[in-house]
There are 2 protein chains.
Amino acid sequence: MSEFRVELKKIVDDSYNIEIGYDLIDKMLSDIGNGLVGKIHRFAVITDSIVKNLYGDRIIDIMKNKGYDCELFVFEEGEKSKTRKTKEEIEDAMLEKGYRRDCCIIAVGGGVVTDLAGFIAGTYGRGVPFINYATTLLAAADASVGGKTAVDTPLATNLIGLFNQPKKVYIDIAAWETLPKRQVISGLAETVKHACLADRDFFDYLDNNMDAILTMDKNACEHIAKENCRIKYEVVMKDELESGLREVLNLGHTVGRAIETVSDYKLLHGEAVSIGMVAQVKLSAKLQYMTVEECERVISLLRKTGLPTEIPSYIDRDALVKKLYTDKKVRDGKLRFVLQKGIGNIVEYEPGVFSQPIKEELARDIIMSI
Amino acid sequence: MSEFRVELKKIVDDSYNIEIGYDLIDKMLSDIGNGLVGKIHRFAVITDSIVKNLYGDRIIDIMKNKGYDCELFVFEEGEKSKTRKTKEEIEDAMLEKGYRRDCCIIAVGGGVVTDLAGFIAGTYGRGVPFINYATTLLAAADASVGGKTAVDTPLATNLIGLFNQPKKVYIDIAAWETLPKRQVISGLAETVKHACLADRDFFDYLDNNMDAILTMDKNACEHIAKENCRIKYEVVMKDELESGLREVLNLGHTVGRAIETVSDYKLLHGEAVSIGMVAQVKLSAKLQYMTVEECERVISLLRKTGLPTEIPSYIDRDALVKKLYTDKKVRDGKLRFVLQKGIGNIVEYEPGVFSQPIKEELARDIIMSI
């Protein structure tokens, strides 16, 4: 019998830049020309059926004019496409076109596109570089920092995936104006979440400037894009592999993800998170992590934003309670919720304790009350 | 417009131990009891339909007796099962049983099992720890060092996957005796490959002791298990992410992988690699990287091992040439081969130049001559 050690200790540098601005396609291509992804000149632009017309075709045209070898890969828009099947179809289409390890993926779109394309990039040829060109606030808030990529399965959302960092993220605020109002509002749920967990001043800003935001005021939009990235960045920086602090980003997502699935994706992600936020603040108030007034302020801001704060009548609440057990935070078969403390005060927690075990009866009571 | 940097530089330690011996199940369970994978006590044992009866059931029985929460996940044996579909089926079975992020995967079997299970572990809950319990020489030689995991697709072998390091590898030589002779011989192809690329003394050892190896002499088996790991380890240590040196491990695999696919997996991986080795040494001799005598010595050792050294008549050689272009080493549409220099002399290459661009006509001539 013999034993020896494989030593694989090394320094990994996955650092990257986030750029926030208007119409960043030219900037992205100039960055690529300046070596953003090294000498690679074969690109797979992945987008959905809506963003294709707004951005995908344009990017391909410009890139082809500049002499890049590139193709567009399009899937049907919507969370329902975030599956292993779509991943497989895009992989096969790329293989069919002869893409190998010497390519770069450009994800153009919202959170579904960046989640899916980032996952594809992570396993294509055991990993190729990718760039995120985020066209929605949700992608800016949720998908541009943290490196989380994933697909959904019939039994759970976001449970199959990996951590994969892009080479750069572009947040194109001009693209927000092309979105349906419902999408924009949905995207604001993660913004409210960030304010709730980390920054009371930003919460006040949202409360005082929601009209400007909803009418797409440029300064307001740039401010919230920046604040979203900054807050998420600060959390992720402190805990890249989600061993502790990063769990706070799950605020509102225990009920949120479950209701998103149980609604069969009739609810958009942000809408589901909004209802999850309501469940969470009610739980927080019940357990005295926050005052009833603070709880009401959060629900009131969500309402002002135009987000739903009640569980739609078509949802089977018993199925919803059962679904909670597919949450990633479940340990030893017990439900766990991230709960905010007051507004913007995550630092008040004991190190490493950001989510709390919650009895099913309590979760059920809250769900029945919303 | 604003830009900021996400700093993600960190030290990653993926080091692990390889243990070589006889009947290592108890040792593995004692390591787990001593904290090999931390506090995790939920396990998914993944194996194939053959190894299930030999080892899978036994491991589950022993683990359940010790009070571990564990289940067996079995797929149909053979390279044909190394697909996204099998991955999906096991994921769904694990989700169905309520497995979340707090589990550990134990891969029990040969290279197909360790490749597939390691890939599943890499994306399940965005990554859970895994242990390799290797029951074949091929797994010992090919799958225990390097962290490569992957599945095959209709258009390419091993192109969808990721780098993922196990927590520990157990190489159970007792298991080799349970293998069909054809499997054992197939496993020796990677052993010959390792000798060819890195160690002339080991090549001589194989040449002088092949009878003992083929009759499963314990000392000889332990020696080749160790030498395989050592050589691969030395190569991988110097280049974990396959940016250069590691490419030498691809020796014989350009034609090997292609013929494996074109044969529709009638050829075992090692058998295909053996034929790929013949193609490679003939190319090396033609380009004067080695003498004709050295070329003949390699082919003669492969023959002595009982491995095929000719392309079977049922193979469509034109299809085989076309298939070469799905190789991962293809750059800018050009074929590239790793070629050995003499026997055991990879160090003679210029740094970073281990594979050579090869004209299609030349590759075609060689293929037509075998």
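Note that the structure is predicted; figures quoted are calculated from it, not measured. Within every chain, residues take consecutive numbers counted from 1 along the sequence as written. Each chain is given a letter, starting from A, and each ligand a number, starting from 1, according to the order in which they appear as written. A pLDDT threshold of at least 70 governs which residues receive local features in this predicted model, and a stricter bar of 80 or more applies before side-chain atom pairs are shown or counted, although totals over entire chains, interfaces and linings include all residues. Only heavy atoms go into the side-chain values, all of them from the structure, while hydrogens and water stay out.

Caption draft 1: Here's a closer look at the packing of helix H7 (residues 200-214) of chain A against helix H8 (residues 218-238) of chain A. Residues and elements named next belong to chain A. Remark: H7 packs on H8, axes separated minimally by 10 Å, with the N-to-C direction vectors making an angle of 150 degrees. In the packing of H7 onto H8, the handedness of the crossing is left-handed. Contacts from Phe-202, Tyr-205, Leu-206, Ala-212 and Ile-213 in H7 reach Ala-220, Cys-221, His-223, Ile-224, Glu-227 and Ile-231 in H8. Among the residues forming the contact of H7 with H8, the class breakdown is nine nonpolar, one polar and one charged. A fitted line through C-alpha atoms serves as each axis, taken over the contacting stretch for helices, and the angle formed by two N-to-C directions is quoted from 0 to 180°. Segments assigned H or I by DSSP are reported as helices when at least four residues long, segments assigned E as strands when at least two residues long, and all are numbered from the N terminus. Crossing handedness: left-handed means the near helix sits turned counterclockwise from the far one by under a right angle, and right-handed means the same turn made clockwise. What makes two residues a contact is simply this: any of their non-hydrogen atoms within 4.5 Å. Under the grouping applied here, Gly and all other residues not named as nonpolar or charged are polar, the nonpolar ones being Ala, Val, Leu, Ile, Met, Phe, Trp, Tyr, Cys and Pro and the charged ones Asp, Glu, Lys and Arg.

Caption draft 2: Inspection of helix H3 (residues 84-96) of chain A at higher detail. Residues and elements named next belong to chain A. To estimate how far a helix should extend, the number of its residues minus one is multiplied by 1.5 Å. End to end, H3 covers 18 Å across 13 residues, agreeing with the expected 18 Å (1.5 Å per residue, within 8%). If you check which residues of H3 are buried, you get Arg-84, Thr-86, Lys-87, Ile-90, Glu-91, Met-94 and Leu-95. One or two steps after H3, the chain reaches Gly-98, where phi turns positive at roughly 85 degrees. Each residue is assigned to one of three classes by its accessible area relative to the maximum for its type, calculated with a 1.4 Å probe on protein chains only: buried under 20%, partly exposed between the two thresholds, exposed over 50%.

Caption draft 3: Here's a closer look at the sheet that holds strand E4 (residues 42-48) of chain A. The strand order across the open sheet formed by seven strands is E5(A)-E4(A)-E6(A)-E7(A)-E10(A)-E3(A)-E1(B), and the pairing between neighbours is mixed. Across the chains shown, the open sheet's two edge strands, defined by having one partner strand only, are strand E5 (69-75) of chain A together with strand E1 (2-6) of chain B. Between one strand and the next, the sheet's axes are offset by a mean angle of 15 degrees, whatever the strand orientation. Note on pairing: two strands pair once DSSP finds at least 2 bridges between them. With five bridges connecting them, strand E6 (residues 104-109) of chain A and strand E7 (residues 130-134) of chain A associate as parallel partners. Each residue of the ladder has a partner; that of Ile-106 of chain A, found in E7 of chain A, is Ile-131 of chain A. Here helix H1 (residues 25-33) of chain A sits on the sheet and contacts strand E3 (16-21), E4, E6, E7 and strand E10 (168-172) of chain A together with E1 of chain B; the angle it forms with E10 of chain A, its principal contact strand, is near 165 degrees. Running at roughly 155 degrees to E5 of chain A, H3 of chain A makes contact with E4, E5 and E6 of chain A of the sheet.

Caption draft 4: Spotlight on the relation of the copies chain B and chain A. For the least-squares superposition of copies, only C-alpha atoms count, and only for residues with pLDDT at least 70 in both. Of the two same-sequence chains, chain B is brought onto chain A (RMSD 0.0 Å, axial shift 0.0 Å) by a rotation of 180 degrees. The symmetry that links the two subunits is that of a two-fold axis. Nearest to the rotation axis, the C-alpha of Ile-11 of chain B is located 2.2 Å from it, this being the minimum over chain B. Same-surface contact between copies: 100% of interface residues of chain B are shared with the interface of chain A.

Caption draft 5: View of the sheet that holds strand E1 (residues 2-6) of chain A. On the basis of which strands lie adjacent, the open sheet formed by seven strands has the order E1(A)-E3(B)-E10(B)-E7(B)-E6(B)-E4(B)-E5(B) and mixed pairing. For this open sheet the edge positions go to E1 of chain A together with strand E5 (69-75) of chain B, each flanked by a neighbour on one side alone. Averaged over all pairs of adjacent strands, the angle between strand axes in this sheet comes to 15 degrees, irrespective of strand direction. With five bridges connecting them, E1 of chain A and strand E3 (residues 16-21) of chain B associate as antiparallel partners. By the bridge assignment for E3 of chain B, Ser-2 of chain A is matched with Ile-20 of chain B. The strands touched by helix H3 (residues 84-96) of chain B within the sheet are strand E4 (42-48), E5 and strand E6 (104-109) of chain B, with E5 of chain B carrying the most contacts at an inclination of about 155 degrees. Contacts from helix H8 (residues 218-238) of chain B reach E1 of chain A together with E3 and strand E10 (168-172) of chain B, with the element oriented near 10 degrees to E1 of chain A.

Caption draft 6: Seen up close, the pairing of E6 of chain A. All names here are of chain A. Burial runs high along E6: six of the six residues are buried. Here E6 shows a buried face lined by Cys-104, Ile-106 and Val-108 and a second buried face lined by Ile-105, Ala-107 and Gly-109. Bridge analysis of E4 against E6 gives five bridges, and the strand direction is parallel. Paired with Phe-43 across the two strands is Cys-104, which belongs to E6. With its strands directed away from the observer, a crossover is right-handed exactly when the path from the first strand over the helix to the second travels clockwise. Taken together, E6, helix H4 (residues 111-123) and E7 form a β-α-β motif whose crossover is right-handed.

Caption draft 7: Spotlight on the nonpolar core. Ile-18, Ile-171, Trp-176 and Leu-206 of chain A are the most contacted members of the largest nonpolar core, which has 80 residues in total. The source of the domain bounds is an automatic or database domain assignment. Here this core spans two domains, since at least three of its residues come from each of domain 1 (17-178) and domain 2 (183-368) of chain A. What Trp-176 of chain A contacts, discounting residues up to four positions off in sequence, is Thr-135, Thr-136, Leu-137, Ala-140, Ile-171, Val-184, Met-216, Cys-221, Ile-224 and Ala-225 of chain A. As used here, the term nonpolar core means buried Ala, Val, Leu, Ile, Met, Phe, Trp, Tyr and Cys residues forming a set that is joined through side-chain atoms within 4.5 Å. If you look at the next biggest cluster of nonpolar residues, it comprises 79 residues, including Trp-176, Leu-251, Leu-324 and Leu-362 of chain B.

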